[in-house]
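# An overview of the molecular structure
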Amino acid sequence: WRRLSTKGHAPQSVIGQDSVQVFGQSYPRDDFTNVTPKILEKVGRNLHNQSHHPLWLIKERIKAHFYSSFVGRSGNPLFSVHDNLSPVVTTEQNFDSLLIPPGHPSRKRGDNYYLNRATMLRAHTSAHQRDLVRSGLDAFLLAGDVYRRDEIDASHYPVFHQMEGVRLFSNRQLFSRVQNGGELSLFERGGRRSPEKQETHTLEAVKLVEFDLKRTLTQLVSYLFGADLEIRWVDCYFPFTHPSFEMEVRFQGDWMEVLGCGVMEQELLNSAGAGDKLGWAFGLGLERLAMVLYSIPDIRLFWSRDERFLKQFRVQDIHQPVCFQLLSKYPPLHNDISFWLPDGKESEAGRESFTENDFYELVRSIGGDLVEKVSLVDNFTHPKTGRRSQCYRIIYRHMERTLTQQEVRRVHQQIEQAAESELGVQGRF
Ligand code: FA5
Ligand code: MG
C-alpha cells in the first residue's frame, strides 16, 4: 500500500491492498476499484474554496450575481449556496437518482473513478440534485470538484469543477406574472412526450420554465463577460432533463461548450418529494468560464502553485477586472509510442479489455502534469492476422520550466514499461 503525503489533499487518503481510505472512511476494494494516488491527491484540495484562486473568484462572482438578482420575499437571497459537499458519492446518487439506467454508457468503469462498485468520486455536481431538493430547497447553487477519466488536452483534465443550479416553481410562482395565470396548470393528464416537453407537463408551463432558464443563464454570462460575448443554444440530451440544451460561447475563434441544462425530469422531482413543482437545472464548468474570462490557455494552470500565476487573481474587490498575463510558454517535447493491443475479447460484465482511456489514465498517472496532450495518431488492423496496433503521440510540456530530453525520455520509458505490464499490450518500441 501507499500512504500519500498529507499536503493539499484529503488527509490520510490511502490506497491499500484491500481497501481505499478517503476522509477517514474505508471502502473495500473490488473489481471496479480504479482510483489512483495521483487522483486522490486532488481530493480535498478544493480549489473552488481557496480564497482568490481563479475558480474561487468565478464562484464568488456567480454567487454575487445570483444574490443581487434574485431576492426572496423578505429580502433574503433566493438561492442558497453549497460548496462543501464531499465528492465521494454512491453510484446511486451519481446515476440512479438521475434516472440514468443500469448499463448506460456513462457508468463505464473506463470513464469514471470508482472506489468500488457502490462508491465513486462524483462525475458531476448533479449527483446531489435529488438530495438537496428532498431536503426542502427550492433554489440552490452547488459548487464542487468532479472527476472523470477523459481525454487529455488543453481544455480537458481528469479533475475539474462544476457549479450546479436548480430552481423549482409552484403553479403560483410560475403563472403569477401571466395575465389570467390562475387558469393555467403545470400538469396535464394523457399528454405525450415530444421534442418540446415531457408527457405530464403542459406546453405553456414548460415554455415559461425554459424561458426563465435561458434568460437566467444569458444574464449570468452577460454579467460575467459583458454583453458582447457571442453565445448560442444547442439542443442536446440528458437522462435527467427534457428538453435539454447546451450553451456554447465563442472562444479564440471556436465555439466552446460551457454548460448543460434543461427542464428537470418530473420523475426525479417526484422521487424527491417535490412532485407538485416544475424545475430547471444547469451544470456549468468553472474552468471553462475562467479560461474565457481570464484568457487562461491551458486547464492545468489551475493546479499551479506558482506565485506568478496565483498573485494575479488577488484583487481587492471580486468585481475588479483581472488582466491575466500569460507566463511564457516553455517549449514542448514530443515522443510517440506504438503497441499491439491485447486480443479483444470482452470480459466480465461491464469491463472492456483495453480502452483508450486506460492508456490516457496510465500516461496521466506516470507523467502527471508534464503531459500536455495525448493523441491517437495511428490505428492499424493487420489485414491477415486481424491484430490491432495503435500509435499515440505524447506531448510533454511543463507550464513553469523547460523540460530536458533526458527527463522526458525517463518518463516515456516508464510509460512504455507500464503499458506492457499493466495493459497487456505488446510494445513496438
Ligand atoms: C453534465 O455534467 C451535466 N450534469 C450538466 C447538467 C446539469 C445538465 C443539470 C442538465 C441539468 P457535461 O458532461 O456536458 O454535463 O458537463 C457540463 C459542463 O462541464 C460542460 O459544459 C463543460 O463546461 C464542463 N466539462 C465537462 N467535461 C469537462 C472536462 N473534462 N474538463 C473541464 N470541463 C469539463
Ligand atoms: Mg456536455
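Remember, predicted model here, so these are calculated numbers, not experimental data.

## Re the site of ligand 1
Around ligand 1, the structure places 25 residues, and the nearest of them are His124, Ser126, Arg148, Glu257 and Val258. A distance of 3.1 Å separates an oxygen atom of ligand 1 from a polar atom in the side chain of glutamine 162. Burial of ligand 1 by the protein chains amounts to 93% of its free accessible area of 680 Å². Among the secondary structure elements, those contributing two or more residues to the shell around ligand 1 are β10 (159-169), β13 (254-264) and β14 (278-285). A total of 5 residues in the shell around ligand 1 trace back to one element, the largest contributor, which is β13. Among the residues forming the shell around ligand 1, the class breakdown is 10 nonpolar, 10 polar and 5 charged.

## Here's the deal with the pattern of salt bridges
When the charged atoms of two side chains with opposite charge come close together, those side chains can pair. In this structure the tally under the stated criterion is 28 salt bridges. Two residues, arginine 130 and aspartate 131, come together in a salt bridge whose shortest N-O distance is 2.9 Å. Overall, aspartate 131 belongs to the partly exposed group, its relative accessible area being 25%. For arginine 193, the salt bridge identified is with glutamate 265, shortest N-O distance 2.9 Å. In this pair, arginine 193 sits in the loop between α5 (171-175) and α6 (203-225) while glutamate 265 sits in the loop between β13 and α7 (266-271), placing the two residues 72 residues apart along the sequence. What you see here is one network of salt bridges that share partners, running through Lys59, Glu60, Lys63 and Asp83.

## Remarks on helix α11 (residues 405-423)
Its 19 residues give α11 an end-to-end C-alpha distance of 26 Å, which sits within 8% of 27 Å, the value for a rise of 1.5 Å per residue. The set of residues buried in α11 consists of Glu407, Val408, Val411, His412, Ile415, Glu416, Ala418, Ala419 and Leu423. Contacts from the buried residues of α11 go to β15 (333-340), α10 (356-367) and β17 (388-396).

## Focus on the packing of aromatic side chains
Across all of its chains, the model carries 17 aromatic pairs by this definition. Between tyrosine 157 and tryptophan 303 the ring centres are 5.9 Å apart and the planes differ by 25°, which places this aromatic pair in the stacked class. Within this pair, whereas tyrosine 157 is found in the loop between β9 (139-147) and β10, its partner tryptophan 303 is found in the loop between α8 (286-294) and α9 (307-310), the two being separated by 146 residues in sequence. Aromatic side chains phenylalanine 339 and phenylalanine 354 sit 6.1 Å apart centroid to centroid with 70° between the ring planes, which places their arrangement in the edge-to-face category. Pair noted here: phenylalanine 339 is in strand β15 and phenylalanine 354 is in the loop between β15 and α10, with a separation of 15 residues, a long-range link. Of the two residues, phenylalanine 339 and phenylalanine 354, both sit in the buried class. Ring-pair connections join several aromatic residues into one group, and the members of that group are Phe66, Phe70, Phe79, Trp280 and Phe282. Here the basic side chain of arginine 61 rests over the ring of tyrosine 223, its NZ or CZ set 6.0 Å away from the ring centre. Looking at lysine 214, its charged tip hangs above the ring of phenylalanine 245, at a distance of 4.0 Å from the centre.

## So, empty space enclosed by the protein
Counting across every chain of the model gives 2 cavities of 30 Å³ or more. One number sums up the size of the largest cavity: a volume of about 70 Å³. Looking at the largest cavity, the residues that line it are Ile152, Asp153, His156, Tyr157, Pro158, Ile299, Arg300, Arg364, Gly368, Asp369, Val371 and Glu372.

Calculation criteria
- Residues numbered from 1 in each chain as written.
- Chains lettered and ligands numbered in written order.
- Predicted model: local features only at pLDDT ≥ 70, side-chain atom pairs only at ≥ 80, totals over all residues.
- Heavy atoms only, no water.
- Near = heavy atom within 4 Å.
- Polar contact = N/O pair within 3.5 Å; in protein donor to acceptor, adjacent residues only side chain to side chain.
- Areas by Shrake-Rupley, 256 points an atom, 1.4 Å probe, with all protein chains shown as cover.
- Helix = DSSP H or I, 4+ residues; strand = E, 2+ residues; numbered from the N terminus.
- Nonpolar A, V, L, I, M, F, W, Y, C, P; charged D, E, K, R; others polar.
- Salt bridge = Lys/Arg side-chain N within 4 Å of Asp/Glu carboxyl O.
- Buried < 20%, exposed > 50% of the residue type's maximum accessible area, 1.4 Å probe, protein only.
- Expected span 1.5 Å × (residues − 1).
- Contact = heavy atoms within 4.5 Å.
- Phe/Tyr/Trp six-rings, centres within 6.5 Å; stacked < 30°, edge-to-face > 60°.
- Lys NZ or Arg CZ within 6 Å of the ring centre and 35° of its normal.
- 1 Å grid on protein atoms, 1.4 Å probe; cavity = no way out; pocket = protein on both sides within 12 Å on 5 of 7 lines; lining within 4 Å.
- Points joined across faces, edges and corners; volume = space filled by probe spheres on them.

In short, shape yes, function no, at least from these values alone.
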